Amino acid sequence: MKKTLVIYFSLSGTTKTAAESIQENTDADIIRIEPVEPYPAGYSNYSKVGMHQMETHADVPMKTKIPDLNQYDLIFIGYPTWGGQVPRIFYSLFAENDFSGKRVVPFSTSVSTPFEDTLPSFKEAAGDGVKIVGGFRYRDEAQVTKYLQEHHLGN
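Conventions used here
Residues numbered from 1 in each chain as written. Predicted model: local features only at pLDDT ≥ 70, side-chain atom pairs only at ≥ 80, totals over all residues. Heavy atoms only, no water. Helix = DSSP H or I, 4+ residues; strand = E, 2+ residues; numbered from the N terminus. Rg over C-alpha atoms; globule rule 2.2 N^0.38 Å. Buried < 20%, exposed > 50% of the residue type's maximum accessible area, 1.4 Å probe, protein only. Contact = heavy atoms within 4.5 Å. Areas by Shrake-Rupley, 256 points an atom, 1.4 Å probe, with all protein chains shown as cover. Lys, Arg positive; Asp, Glu negative; His and termini not counted. Charge placed at Lys NZ, Arg CZ, Asp CG, Glu CD. Polar contact = N/O pair within 3.5 Å; in protein donor to acceptor, adjacent residues only side chain to side chain. Pairing = 2+ DSSP bridges. Salt bridge = Lys/Arg side-chain N within 4 Å of Asp/Glu carboxyl O. Expected span 1.5 Å × (residues − 1). Arc of directions from axis to C-beta.

Undergrad: Help me get a handle on the overall build of the protein, residues and values and all.
TA: Per the secondary structure count, the protein includes five helices and six strands. In the protein, the order of α-helices and β-strands from amino to carboxyl end is β-α-β-α-β-α-β-α-β-β-α. For 155 residues, the compact-globule formula gives about 15 Å, and the C-alpha radius of gyration of the protein, at 15 Å, lands near that figure. Structurally, the protein occupies a C-alpha span of about 40 × 30 × 25 Å along its principal axes. Each of the 155 residues in the protein was classed as buried or not, and the buried ones make up 48%. Residue pairs at least 24 apart in sequence account for 78% of intrachain contacts in the protein once pairs closer than 6 positions are excluded. Surface summary for the protein: the accessible area is close to 8000 Å², and the carbon and sulfur share equals 48%. For the protein, the distance from the average position of its 15 positive side-chain charges to the average position of its 19 negative side-chain charges is 1 Å.

In structure tokens:
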């Protein structure tokens, strides 16, 4: 039987909270991706670095090793929204791992950017062959539970 995986990137902790909520509701394995070069502490510091990476289309190598994805059928991928886009580390995630044949549910965290506005950059990072099914912007645990139930993805 195939399993569920949650992959997320988080610096402030919001995306981590969202990922853990999904994990609790799906009994999924969970992995936090981290860059080789850590971001500086503090929002004003890491946001400058992140925005520079976005503007220069920087390559952000991952320190995290992803397990063999063949054991997973459904993969949730969570990200904070930076300038309406996914952080550059996701380009490395998709370049280094084969997501073909997987159902991928992206979820974003943002105070103001609608989820739909993040999809073009997510799709660009993911490339062709990644089957995106649904997705949402995280607000709270109740919303996650409702989303998972409505889409028959939870326990």
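Undergrad: Give me the lowdown on the side chain of Thr64, citing residues and values where you can.
TA: Tracing the backbone shows Thr64 in the loop between α2 (43-56) and β3 (72-80). Look at Thr64 and you get buried, because its relative accessible area is 14%. A polar contact of 3.3 Å, which involves the side chain of Thr64, links it to the backbone oxygen of Arg32. The contacts of Thr64, once residues within four sequence positions are left out, are Ile31, Arg32, Ile33 and Glu34.

Undergrad: Provide a residue-level description of the pairing of β3, including the pertinent values.
TA: Across a regular strand the side chains alternate sides, sitting on one face of the sheet and then on the other. Of all nine residues making up β3, eight are buried, and the element is well covered by its neighbours. The pairing of strand β1 (residues 3-8) with β3 spans six bridges and is parallel. Its bridge partner lying in β3, Thr4 is registered against Leu74. As judged from the seven bridges shared by β3 and strand β4 (residues 103-109), these two strands associate in the parallel manner.

Undergrad: Mind laying out the pattern of salt bridges, listing which residues take part and the relevant values?
TA: This structure, assessed with the given rule, holds four salt bridges. Of the charged contacts, one joins Lys16 and Glu20 as a salt bridge, the two residues approaching to 3.4 Å between their closest N and O atoms. Taken together, the residues Lys16 and Glu20, both in helix α1 (residues 14-26) and four residues apart, mark about one turn of the helix. Overall, the relative accessible area of 30% leaves Glu20 in the partly exposed class.

Undergrad: Run through α2, naming residues and quoting values.
TA: For α2, built from 14 residues, the straight-helix expectation of 20 Å at 1.5 Å per residue is met to within 8% by its first-to-last C-alpha distance of 20 Å. Among the residues of α2, Tyr46, Ser47, Gly50, Gln53 and Met54 are the ones counted as buried. With its buried residues spanning 125° around the axis, α2 presents them on a single face. In α2, the exposed positions angled more than 90 degrees off the buried face are occupied by Lys48 and Glu55. At the C-terminal side of α2, His57 shows a positive phi close to 55°.

These results come straight from atomic positions and should not be treated as a statement about function.
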